[in-house]
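Analysis of the macromolecular model
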Amino acid sequence: MSFLRRRKATKAEENKPEGSQIDTASKNDDVVDNRKQQKLPQKHESEESSRRRRSSSRRWSCVDSCCWFIGCICSIWWFLLFLYNAMPASFPQYVTEAITGPLPDPPGVKLRKEGLTAQHPVVFVPGIVTGGLELWEGHQCAEGLFRRRLWGGTFGELYRRPLCWVEHMSLDNETGLDSPGIRVRPVSGLVAADYFAPGYFVWAVLIANLARIGYEEKTMYMAAYDWRLSFQNTEVRDQSLSRIKSNIELMVATNGGKKVVVIPHSMGAIYFLHFMKWVEAPAPVGGGGGSNWCAKHIKAVMNIGGPFLGVPKAVSGLFSIEAKDVAVARAFAPGVLDKDVFGLQTLQHMMRMTRTWDSTMSMIPKGGDTIWGGLDWSPEGYFNCSAKKLKNNDTNTADQNGKGGLGSTKRVNYGRIISFGKDVAEIHSSEIEMVDFRDAFKGSNLINATKCDVWTEYHEMGVEGVKAIADYKVYTAGSILDLLHYVAPKMMARGDAHFSYGIADNLDDPKYQHYKYWSNPLETKLPNAPDMEIYSMYGVGVPTERAYVYKLTPPSECYIPFQIDTSAEGRSWRGKTRFNPSGIHTYIREYDHAPPANLLEGRGTQSGAHQGPLERTWVGIEFTLIFSNGPKTSTYNFRFMKSCLTNII
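We now turn to the structure provided with this report.

Parameters at a glance
Residues numbered from 1 in each chain as written. Predicted model: local features only at pLDDT ≥ 70, side-chain atom pairs only at ≥ 80, totals over all residues. Heavy atoms only, no water. Disulfide = S-S within 2.5 Å. Helix = DSSP H or I, 4+ residues; strand = E, 2+ residues; numbered from the N terminus. Pairing = 2+ DSSP bridges. Axes fitted to C-alpha atoms, helices over the stretch in contact; angles between N-to-C directions. Parallel < 35°, antiparallel > 145°, perpendicular 65-115°, else oblique. Contact = heavy atoms within 4.5 Å. Nonpolar A, V, L, I, M, F, W, Y, C, P; charged D, E, K, R; others polar. Buried < 20%, exposed > 50% of the residue type's maximum accessible area, 1.4 Å probe, protein only. Polar contact = N/O pair within 3.5 Å; in protein donor to acceptor, adjacent residues only side chain to side chain. Core = buried A, V, L, I, M, F, W, Y, C linked by side-chain atoms within 4.5 Å.

1. Some details on the state of the cysteines
Under the definition given, this model contains one disulfide. Across the disulfide, Cys 141 is cross-linked to Cys 164 (sulfur-sulfur distance 2.2 Å). In this structure, the disulfide formed by Cys 141 and Cys 164 twists by about 80° around the S-S bond and is classed as right-handed. In this pair, Cys 141 sits in the loop between strand E2 (133-137) and strand E3 (149-151) while Cys 164 sits in helix H7 (residues 162-169), placing the two residues 23 residues apart along the sequence.

2. Considering the pairing of E2
Here E2 pairs with E3 via two bridges, running antiparallel. Bridge pairing in E3 places Glu 134 opposite Arg 149. Pairing of E2 with strand E4 (residues 183-186), which is carried by four bridges, proceeds in the antiparallel orientation. Within E4, the residue paired with Glu 137 across the bridge is Arg 183.

3. Observations concerning the packing of helix H10 (residues 240-253) against helix H11 (residues 267-280)
For any two helices packed against each other, one specifies the crossing angle of their axes together with the interaxial distance. Running from N to C, H10 and H11 cross one another at 75°; their axes reach a closest spacing of 11 Å. Our classification of the angle between H10 and H11 gives roughly perpendicular. Residues Ser 240, Leu 241, Ser 242, Ile 244, Lys 245 and Ile 248 of H10 touch H11, and the partners they reach there are Tyr 271, His 274, Phe 275, Trp 278 and Val 279. Taken together, the residues of the contact of H10 with H11 sort by class into seven nonpolar, three polar and one charged.

4. As for the packing of helix H9 (residues 231-238) against H10
The N-to-C vectors of H9 and H10 enclose an angle of 85°; their axes lie 6 Å apart at closest approach. Our classification of the angle between H9 and H10 gives roughly perpendicular. Facing H9, whose interface residues are Phe 231, Gln 232, Thr 234, Glu 235 and Asp 238, H10 presents Ser 240, Leu 241, Ser 242 and Arg 243. Across the contact of H9 with H10, the residue classes tally to two nonpolar, four polar and three charged.

5. Describing the side chain of Asp 226
The residue Asp 226 is located in the loop between strand E7 (220-222) and H9 in this model. Since its relative accessible area comes to 0%, Asp 226 is described here as buried. A polar atom in the side chain of Asp 226 sits 2.9 Å from the side chain of Arg 237. With residues near it in sequence (within four places) discarded, Asp 226 still touches Leu 133, Val 184, Pro 186, Thr 234, Arg 237 and Asp 238.

6. Some thoughts on the sheet that holds E3
What links the strands of a sheet is backbone hydrogen bonding, and the strands pair in either a parallel or an antiparallel sense. Taken in spatial order, the three strands of this open sheet run E3-E2-E4, and their pairing is antiparallel. Edge positions in the sheet fall to E3 and E4, since each has one partner strand and no second. Ignoring which end each strand starts from, the neighbouring axes of this sheet average 45° apart. Along the sheet face, H7 touches E2, E3 and E4 and points at about 80° away from the line of E3.

7. Here's the deal with the sheet that holds strand E11 (residues 474-475)
With mixed pairing, the four strands of this open sheet are ordered in space as E11-E10-E13-E14. This sheet does not close on itself; its edge strands, each paired only once, are E11 and strand E14 (562-564). This element, helix H13 (residues 312-320), spans strand E10 (418-420), strand E13 (548-552) and E14 of the sheet and lies at about 10° to E13.

8. So, the nonpolar core
Grouped together as the largest cluster of nonpolar side chains are 103 residues, with contacts concentrated most on Phe 275, Ile 298, Phe 319, Ile 418, Ile 469 and Val 487. Considering every element that reaches this core, the biggest residue donor is H11, with 10 residues. For Phe 275, the residues in contact, after removing those within four places along its chain, are Leu 241, Ile 244, Lys 245, Ile 248 and Trp 293. Leu 190, Ile 213, Ile 263 and Ile 304 belong to the second largest nonpolar core, which has 25 residues in total.

By themselves these figures say nothing about function.
This is the structure:
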């Protein structure tokens, strides 16, 4: 049934002839056509405007691209993380073995098959930045972060509230201790430094291998400390040195009198050197343990990558908050790190923060030009640092002229730790015009600094002070200290009270009993413990930062005036010496660097990088000498490096 009803015609329409009806219909059609034509421009206008709106909504912007890119990365990351947590624990190992072949047994499993079990208690001493730090008291911006990690873990607060994070990670610029209203303390236990971040282990693998032969938490101790503080201040504020002493004494007492084996890494090596002198020194400055405390409690010290004589990287970090990777980033994207898109002035904040960390000054090169070289010579000038990389623990030998496994190369002068200009780094010292900067006037800063949201000591130097630094041209290890005193006087004033960088003329001089000398192996004696053993393990064949070519940064509103120019190319306890009067047995082991063959190997078990020896400790050193139930013989293939220290022993 139709829902439309035809209109009933009137009588007049019915009486009209057929032709007239047609005329009427045609007239009606004409009226409709006229109406359509009148409405047609409005229809065209509406279609055009809607087309414009659609085209404008489809227009792509850079912000859209960034958002989509970040969204894709996050989605992929969460998807992979979901797969990783959902898959069986053995699946990654199955995939790895399918590609690379069967994996060898972990070192702990091998030793367990040989019948080896736990023997001596073990003490781990983490290095700089590898130990976790948590918040105990903070300002209002840190609300809800009580006992949450500010350093280590996911670093989530760094991204959520970066300025608040920097404020709480900084120490007082006058005292080197806590800022008012802030308490950040080291995490305790083995979890303090087992992982630096999720998936990036530090001590976890070594702990796991020790557990396979019977070790547990009562026979392993992580000597956690606040690595930002000067070594003596860790005792002043947290009694960290006293805690290490009491825990070692407890471990020896509860394990049948068996001495401990101490394994320091990186800066932890010189921190523990400071501890061995502190524990012998009388109270209240020292631990009051007496001259034979180390002999009674320590079996061996196994230093992994210890910077005993300092590292040039510490200079660039304090001078311009740069290392190789940061310098490349600044060159690739100029201005991004100096003042990023959010106006946070990243490098300036990092410089202000790290210059309050007194521990960084412990790694400034020690020994001056005698150790590190002068204007026209350097110890490694005859050696080729790009040694061939081997996937085994064999060692290379080379004589003083560079002949042998390392080969020979042209003379390179790394004694100039900082040079302003590529040409200055290469020419002879007689051609360099050096203008002394030490008494130079620090003028007012001519650049508008009103928009700076962070203060650094460079703001007080002014243009005249910056120019004086560049006019000196070249800095060796002997003049680096003067340079740092000029550019960072407050920081170096604290450093002078806690560290020293010279070479002792007479170690019996009473002044060397001060704690500022205890972390410098050139100004202190090893403990009186002739039965104690000291091992030092290093990776070789790894490109290492040794010297830097700098350039001036163009002046801007808020800037760090010095920048690394990325376009530029370019050990004393052995035997009975005055530094080792009791003749402690010392060993040096060098590991040839072999990077991992694929990503599935992680950092690789044959890596010689700074974290690499933590993975190779079990492989390269015969731990059966230390952990076995009975005496075993071990063969050592140590290579002893000749250095300038031979001349001063």
